[in-house]
Amino acid sequence: MPLDRSLRKEWALFALAAVTVVAICWVPYHVPMEPTVSDSYVFGYNNRAGEALLLVGAFLVALLNVDVSGRPMPSKALSRSSLRKALAGTMALSAVLFLLTRKLGGFQESIYFIDRVNEAVAGLRPYTGFEYPYGPAFIYGPVWLSRWFHLGVNDAYLLFWMLLALTGTYLLYKTILWIDEPPGKQRAIFLFLWAMSLGGLLSTGLNYCFFRYILPCWLGLLIYRRMNLAVEGKASAALPFLLPVPFLALLLLVSPEMALGFGAGVVAYLAWFGRLRTGRNGLWFALMLAGMGVVLWLASRLGLFMAVDVFRRGGMNFPIMPALHLLLLFFCVGLVACYVGTRVRSREPSALMMLIAVSTVTLASGLGRCDSGHALYNPLGIWIAAWFIAAGMPSLWRWLWPAQWLVFFLIPIGPAIFQTGSLLFKAALPRILASEPMEQTTTVDRWVLKRMTGALGAQRAAVKFANIKALAHSSDVIDVPALFGQKPGTVFEAPIGFAPNRFGTYHSPSIDEGYFFENFDIVLPSQVTRKVAEMASYPQRPLLLLPGWEDNFSDAGPSSTSGLSHLFLYPYNRPVVHSENLTRPIYDYIEQHYRLAGSATPEHFGYELWMPREIAPASHP
């Protein structure tokens, strides 16, 4: 009879998992959604519905009361030596990227951050003065480094980024070490996540710096450890309830979305495992809620949740599909749900329960923009908990762990290295050509042009080569009005940005890029309206645009499915539901109110000059 019951439970678990995955991949296409700039909107997929279905499935799995306890397999211990080697590797890679990119004004993801830091240096405030979705520490850390040590913005940003990369590696080590499960695969888990952090470093962006994702896990375990000491009478009983308030404030400085997930998770964990009827724990819990409420209110007043509110509506989302990395995520969520079910029934706290708690809300972020990076990083605590659980089941570990390496590291690392290498070569071209005569075609010129022709074709390569050579022989300081034949003091609108080197934005009093960085993070119709209103506010200003700028506003077509198939390594073939590009009003406004007045030339760094159309004088009766 017990065997029959066990078999029925296993079949129920399998059936529930299958139904949940099928529902996630089908039902949200039939749930209405708000118009946003996202692939999900193009194909009519409601990510919030998909996330809700996953949580419902996980809840039902937890009710089955499946025992996932086991005995961890013997393995090499996580030692200080592993930490030292990891820190050395992180330092080496970040130092190389620092040296190769410090003169560019940004490289991949750091282009955005350095641009925003420059805006703050100019006296603008994040959130209200310019669009910005992350915590203020990522802005003012580089700003203060620049002021205190008299550094350029590029160097200050990259040094701050290096510091957080090293800190993130250390916090990862401490997080894995603090998980008080029987020794098992701690070293293997640490090395895997450290390797993944190196992939994030290639972007040079603080948004993919591992510090941002491991910090909530480490802070949660710090609270968990203090709670254990309080139970043993070795620490104040109030401390586990008072620490979340400053920890929440700290996380808001780093990442508002991660802070919200942390706050909700800690509240849920302490409400269930905090023994609120013991002593004054209930009072401390109430004070904690009040303190967190004040912190969140202040953050809201400062505008920290503006971007969270925008992206919760579905902006920049991808449709959830049965890609390999998402199937692994679904499996790990189910595994964790089994663990949570048994722990909640027994009211037995654990480090893994804290990690799960602080990562459950951020699972929504991982299933919004659900490429492999976001799916791994955002619900990081859930992944770590699942791996520790799997370490106690040898038959499960033997296939799960190679699958993790294959899907998240071995498959993506080749394209990531190739892309980074190609961009670094592109960045080096002006330096290579700077020593070559401007008016002559040298052997080096021919070699560079040959390589570019193979990648771009003869016509495009010739244009780009001429632009790069002009840039190589230009001054670091550009008189923009003189360059485009306008009178001194002319201010140009740059709605798609102005980056002569095609990396970092060039900052000058003569360039106004507006509230948004190019058309990045413009995901709602109201934001499109704001972008148009910025240009309409200064109707006499000329525009600077790159040839082909209109491609940013083209409607969705068959290429949309091929892009998703390439990104997710899954044959995605859903029909387009909403083909219209919601940013089209920006294109329409430019076409209606401006005319091409200066073609793109190497002397103009490949930018076109667009002047306001003549406005007919109003007629009077």
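Just above, that's the structure.
Residues numbered from 1 in each chain as written. Predicted model: local features only at pLDDT ≥ 70, side-chain atom pairs only at ≥ 80, totals over all residues. Heavy atoms only, no water.

**Q** Teacher, can you tell me more about unusual backbone geometry here?
**A** Both trends apply: most residues other than glycine have a negative phi, and most peptide bonds are in trans. Not every positive phi belongs to a glycine, and D521 is a case in point at roughly 65 degrees. Inspection of the secondary structure puts D521 in the loop between strand 2 (511–512) and helix 24 (525–537). Take D521: its relative accessible area is 6%, and that puts it in the buried class. At F605, a residue that is not glycine, the phi angle is positive and equals roughly 60 degrees. Relative to the assigned elements, F605 resides in the loop between strand 4 (594–598) and strand 5 (608–612). Of the residues examined, F605 reaches a relative accessible area of 4% and is grouped as buried. (Helix = DSSP H or I, 4+ residues; strand = E, 2+ residues; numbered from the N terminus. Buried < 20%, exposed > 50% of the residue type's maximum accessible area, 1.4 Å probe, protein only.)

**Q** Just checking my understanding: could you explain the layout of surface pockets for this structure?
**A** The gaps of empty space that remain are located by a probe, the size of a water molecule, rolled over the atoms. Roughly 960 Å³ of internal volume is contained in the second largest pocket. Taken together, 31 residues line the second largest pocket, and the ones lying closest to its centre are V37, S38, D39, N552 and N581. Among the elements of the structure, helix 2 (39–43) and helix 25 (559–568) are those that each provide at least two residues to the lining of the second largest pocket. Element by element, the count of residues in the lining of the second largest pocket is highest for helix 25, at five residues. (1 Å grid on protein atoms, 1.4 Å probe; cavity = no way out; pocket = protein on both sides within 12 Å on 5 of 7 lines; lining within 4 Å. Points joined across faces, edges and corners; volume = space filled by probe spheres on them.)

**Q** Would you explain the packing of helix 15 (residues 324–346) against helix 19 (residues 380–390) in this entry?
**A** Helices that pack against each other are described as a pair by the angle of their axes relative to one another and the distance between those axes. Where helix 15 meets helix 19, the closest approach of the two axes is 9 Å, and the angle between their N-to-C directions is 70 degrees. Looking at the two axes, helix 15 sits roughly perpendicular to helix 19. The handedness of the crossing between helix 15 and helix 19 is left-handed. On the side of helix 15, the interface is formed by H325, L328, L329, C332, V333, L335, V336 and Y339, while helix 19 contributes I382, W383, A385, A386, I389 and A390. Broken down by class, the residue content of the contact of helix 15 with helix 19 amounts to 13 nonpolar, one polar and no charged. (Axes fitted to C-alpha atoms, helices over the stretch in contact; angles between N-to-C directions. Parallel < 35°, antiparallel > 145°, perpendicular 65-115°, else oblique. Left-handed = near helix turned anticlockwise from the far one by under 90°. Contact = heavy atoms within 4.5 Å. Nonpolar A, V, L, I, M, F, W, Y, C, P; charged D, E, K, R; others polar.)

**Q** I tried to follow the nonpolar core on my own but got confused; where do I start?
**A** Here is a general trend for soluble globular proteins: nonpolar side chains tend to be buried in one another's company. Core analysis: the biggest nonpolar cluster contains 149 residues, and Y132, F138, L193, Y269, L326, I384 and W387 have the highest contact counts within it. Sorting elements by how many residues they give to this core places helix 7 (residues 153–178) first, with 14 residues. Look past the residues within four positions of L193 in its chain and what remains in contact with it is L172, F210, L380, I384 and W387. (Core = buried A, V, L, I, M, F, W, Y, C linked by side-chain atoms within 4.5 Å.)

**Q** How should the side chain of E493 be read in this particular structure?
**A** Within the secondary structure layout, E493 lies in strand 1 (residues 492–493). By relative accessible area, which is 4% here, E493 ends up buried. A distance of 2.7 Å separates a polar atom in the side chain of E493 from a polar atom in the side chain of R541. For E493, the residues in contact, after removing those within four places along its chain, are D512, E534, M535, Y538, R541, P542, L543 and L544. (Polar contact = N/O pair within 3.5 Å; in protein donor to acceptor, adjacent residues only side chain to side chain.)

**Q** I'm lost on the pairing of strand 5 in this one. Help?
**A** Side-chain positions along a regular strand alternate between the two faces of the sheet. Of all five residues in strand 5, five are buried; the element is thus mostly enclosed. Bridging between strand 3 (residues 543–545) and strand 5 involves three bridges; their strand directions are antiparallel. Bridge assignment links L545 to a residue of strand 5, and that residue is E608. Summarising the sheet, strand 4 and strand 5 pair through four bridges and their orientation is antiparallel. Opposite R595, over in strand 5, you have M611 as the bridge partner. (Pairing = 2+ DSSP bridges.)

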